[in-house]
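Topology and contacts: notes
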There are 2 protein chains.
Amino acid sequence: MNIVLIGSGNVATHLGLAFKDVGFKIIQVYSRTLVNAKLLAKKLDTFFCADLSFLTSNGDLYVIAVKDAAISDVSKKIRLYNKNQLLVHTSGTLDITILSKSALNFGVIYPLQTLSKNIPVNMRKVPLCIEANNKKNEKILLSMAKKISNQVYLIDSEKRKILHLSAVFASNFTNLLYSIAEDLLKQYDLPFDLLKPLIRETTDKIMLNKPAEVQTGPAIRNDLLIIKKHLQKLKFNKEYQKIYKILSEAIRNNLKQ
Amino acid sequence: MNIVLIGSGNVATHLGLAFKDVGFKIIQVYSRTLVNAKLLAKKLDTFFCADLSFLTSNGDLYVIAVKDAAISDVSKKIRLYNKNQLLVHTSGTLDITILSKSALNFGVIYPLQTLSKNIPVNMRKVPLCIEANNKKNEKILLSMAKKISNQVYLIDSEKRKILHLSAVFASNFTNLLYSIAEDLLKQYDLPFDLLKPLIRETTDKIMLNKPAEVQTGPAIRNDLLIIKKHLQKLKFNKEYQKIYKILSEAIRNNLKQ
């Protein structure tokens, strides 16, 4: 299986490295930014281009890993009508059918993980969500995915979109809350390190328990006095105040259910 | 040092067990609910009462670990005017001075951790925030705290309140987000387990990086199309929709700074 990577960002980098590590050959990297294409190609010991008209036709699997907003444009410029070629995208949100005009065989490999180019990740523990336009391609993608990850799932477009949405809550939004906490501490010369054991324990708890069942804090205790004091403390930042209010209300509403 | 525990909840339980483990003697447990007082007293191999007028006067350290709203009432019923007796509360939010009429010597031991009675915790890794009404008592509390935890800090009431507030963001609110994510997945028959590697990685990242610097997701990419699609998917729950909107806006505002 010869792989062509279309994209040079976080997902392209980690998928490329993982496929290379288990023996697949990456034969070309495309990025619209030449320097990025070159950089990733160097890591993967392969060729690169910055123009889709120079895309090699010798690939077996073409992986589109560009940002969601660009996938439609990129896929319009790709035409893989050789019946042994397979085209996939890696988006959590876009339908599989967005590729239907670009290839006879198409699918999705969606890594359910927050990936940053420069932070190493153990791909074996990254859930890979697979979808394909027919059973044969499904089998091919499942088999390839299982070579790089221990957690491979068959997930259709509708379910994948919900997974992505729930990941925004569980990862992107929690990270925002961490940065708000850090900002609050900074204003009083307190180190963020103080909170780290608490953050660890909070996630440790939900590995074994349902989150709703281990909720703690003033809102679940319905401690209106503390909530009022906290809102006063947050007066200096209306946005933090608004976030505190709506999340506390949501916890109290869950309580009522 | 003979310790008297006033309270039988999450904090009283874990502090009591930790102090007992390093050789302090817990001589009495009070709870307004007799059965709870009895239960914790049994764990700590000691006596119990459910009426503050039966509180022993033989204690050296009295630890109030009842919920914030009850501390004021409880402290009014306690009078420790022996100059060798020390009274502390364990609240993140209440001022040290709330104890000034109840004892000559008073202070605070605030464990910065989410504690649940039935979930074991390694107290050595729990940050303990100490405050006292004078240097002598500060020294006593620091020394006792260091016997049960490796992370002991001297933190005044103002800073402690900020710590508690930031902990609400970093722990209570993130737990709410986990429960929303689980709820979304459940509606499409998807297991919460799928998100666990992502949740792990999200917290692993901020152990070594500033949260604001590792923010990922549609909001930080300013991917308005995806944000719009997500808001549509959340139509069935106005509260989730509102939370998605305000947290995405906050991420985009941070971006501008």
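Worth saying up front: this structure is predicted, and the values here are computed from it rather than measured.

A tally of regular secondary structure across chain A gives 8 helices and 8 strands. A total of 257 residues make up chain A; the buried ones form 58% of that total. A sequence separation of at least 24 residues applies to 53% of the contacts in chain A between residues at least 6 apart. Accessible surface, chain A: about 11,400 Å² in total, of which carbon and sulfur atoms supply 52%. Within chain A, one finds 38 positive and 21 negative side-chain charges whose respective centroids are separated by 2 Å.

Our next topic: helix 5 (residues 157-186) of chain B. All names here are of chain B. The end-to-end C-alpha distance of helix 5 is 42 Å, a good match for the 44 Å that 30 residues give at a rise of 1.5 Å each. Where helix 5 bends most, at Val168, the angle is about 35°. The element helix 5 is extensively covered by neighbouring structure, given that 27 of its 30 residues are classed as buried. Taking the backbone nitrogen of Glu158 as reference, a side-chain oxygen 3.2 Å away marks Asp156 as the first, capping residue of helix 5.

Moving on, we get to the environment of A:Gln28. Residues and elements named next belong to chain A. By the element assignment, Gln28 lies in strand 2 (residues 25-30). The exposure class of Gln28 is buried, given its relative accessible area of 7%. Along the chain, Gln28 and Ser171 lie 143 residues apart, while their C-alpha atoms are 32 Å from each other. Once residues within four sequence positions are removed from consideration, Gln28 is found in contact with Ile3, Val4, Leu5, Thr46, Phe47, Phe48, Cys49, Phe54, Leu55 and Thr56. Within polar-contact distance, the side chain of Gln28 engages the backbone nitrogen of Thr56 at 2.7 Å.

Looking now at the packing of helix 6 (residues 196-208) of chain A against helix 6 (residues 196-208) of chain B. At their nearest, the axes of helix 6 of chain A and helix 6 of chain B sit 11 Å apart, and the two run at 170° to each other. Classified by the angle their axes make, helix 6 of chain A and helix 6 of chain B are roughly antiparallel. Of the residues in helix 6 of chain B, those touching helix 6 of chain A at A:Lys196, A:Ile199, A:Arg200, A:Thr203, A:Asp204, A:Ile206 and A:Met207 are B:Lys196, B:Ile199, B:Arg200, B:Thr203, B:Asp204, B:Ile206 and B:Met207. Of the residues assigned to the contact of helix 6 of chain A with helix 6 of chain B, the class counts are 6 nonpolar, 2 polar and 6 charged.

Summing up the model confidence of chain A, the mean pLDDT is 95 and the portion of residues at 70 or higher is 99%. Here the complex is predicted with pTM 0.88, and the ipTM for its interfaces comes to 0.89.

With an RMSD of 0.0 Å, the operation that places chain A on chain B is a rotation of 180° combined with a shift of 0.0 Å along the axis. With respect to symmetry, the two chain copies, as superposed, fit the operation of a two-fold axis. In terms of C-alpha distance to the rotation axis, chain A has A:Thr174 as its closest residue, with the C-alpha 2.6 Å off the axis. Same-surface contact between copies: 99% of interface residues of chain A are shared with the interface of chain B.

Our focus in this paragraph is the side chain of A:Asn105. All names here are of chain A. Counting through the fold element by element, Asn105 comes out in strand 6 (residues 105-111). Here the side chain of Asn105 touches Lys83 through a polar contact of 2.8 Å, landing on its backbone oxygen. Those residues in contact with Asn105 that sit more than four places away from it in its chain are Asn82, Lys83, Asn84, Gln85, Leu86, Leu87, Asn133, Asn134 and Asn137.

Counting residues at the interface gives 90 residues for chain A, matched by 89 residues for chain B. For the pairing of chain A and chain B, the buried interface totals around 9,000 Å² over both sides, and the portion due to carbon and sulfur atoms is 69%. The largest per-residue losses of area from chain A upon contact with chain B belong to A:Phe169, A:Leu194 and A:Met207, which jointly make up 8% of the total buried on that side. The partner of A:Glu158 in a salt bridge is B:Lys233, with the nearest N and O atoms 3.1 Å apart. The interface formed by chain A and chain B includes 30 residue pairs in polar contact (both at pLDDT 80 or more).

Our focus in this paragraph is the nonpolar core. Ranked by size, the top nonpolar core spans 120 residues in total, and within it A:Ile6, A:Phe169, A:Leu195, B:Ile6, B:Phe169 and B:Leu195 carry the most contacts. Not counting chain neighbours up to four residues away, the residues in contact with A:Phe169 comprise A:Thr174, B:Leu177, B:Ile180, B:Ala181, B:Leu184, B:Leu234, B:Tyr240, B:Ile243 and B:Tyr244.

With that settled, consider the sheet that holds strand 7 (residues 128-132) of chain A. Residues and elements named next belong to chain A. Pairing in this open sheet of 8 strands is mixed, and the strands run 3-2-1-4-5-6-7-8 from one edge to the other. For this open sheet the edge positions go to strand 3 (47-49) and strand 8 (152-154), each flanked by a neighbour on one side alone. On average, each strand axis in the sheet is inclined to that of its neighbour by 25°, with strand direction left out of account. Where strand 5 (residues 86-89) meets strand 6, 4 bridges bridge the pair, whose relative direction is parallel. Within strand 6, the position partnered with Leu87 by the bridge is Phe106.

Another aspect to go through is the packing of helix 5 (residues 157-186) of chain A against helix 6 of chain B. Contact geometry of helix 5 of chain A with helix 6 of chain B gives a least axis separation of 9 Å together with a crossing angle of 20°. It follows that helix 5 of chain A is roughly parallel to helix 6 of chain B by the angle criterion. In the packing of helix 5 of chain A onto helix 6 of chain B, the handedness of the crossing is right-handed. Between helix 5 of chain A and helix 6 of chain B, the contacting residues are A:Ala167, A:Ala170, A:Ser171, A:Thr174, A:Asn175 and A:Tyr178 on the first element and B:Leu198, B:Ile199, B:Thr202, B:Thr203 and B:Ile206 on the second. Here the contact of helix 5 of chain A with helix 6 of chain B is composed, by residue class, of 6 nonpolar, 5 polar and no charged.

Thresholds applied
- Residues numbered from 1 in each chain as written.
- Chains lettered and ligands numbered in written order.
- Predicted model: local features only at pLDDT ≥ 70, side-chain atom pairs only at ≥ 80, totals over all residues.
- Heavy atoms only, no water.
- Helix = DSSP H or I, 4+ residues; strand = E, 2+ residues; numbered from the N terminus.
- Buried < 20%, exposed > 50% of the residue type's maximum accessible area, 1.4 Å probe, protein only.
- Contact = heavy atoms within 4.5 Å.
- Areas by Shrake-Rupley, 256 points an atom, 1.4 Å probe, with all protein chains shown as cover.
- Lys, Arg positive; Asp, Glu negative; His and termini not counted.
- Charge placed at Lys NZ, Arg CZ, Asp CG, Glu CD.
- Expected span 1.5 Å × (residues − 1).
- Bend = angle between axes of the 7 residues up to and from the residue.
- Polar contact = N/O pair within 3.5 Å; in protein donor to acceptor, adjacent residues only side chain to side chain.
- Axes fitted to C-alpha atoms, helices over the stretch in contact; angles between N-to-C directions.
- Parallel < 35°, antiparallel > 145°, perpendicular 65-115°, else oblique.
- Nonpolar A, V, L, I, M, F, W, Y, C, P; charged D, E, K, R; others polar.
- pLDDT = per-residue confidence, 0-100.
- Least-squares fit on C-alpha atoms with pLDDT ≥ 70 in both.
- Buried area = accessible area lost by both parts, 1.4 Å probe.
- Salt bridge = Lys/Arg side-chain N within 4 Å of Asp/Glu carboxyl O.
- Core = buried A, V, L, I, M, F, W, Y, C linked by side-chain atoms within 4.5 Å.
- Pairing = 2+ DSSP bridges.
- Left-handed = near helix turned anticlockwise from the far one by under 90°.

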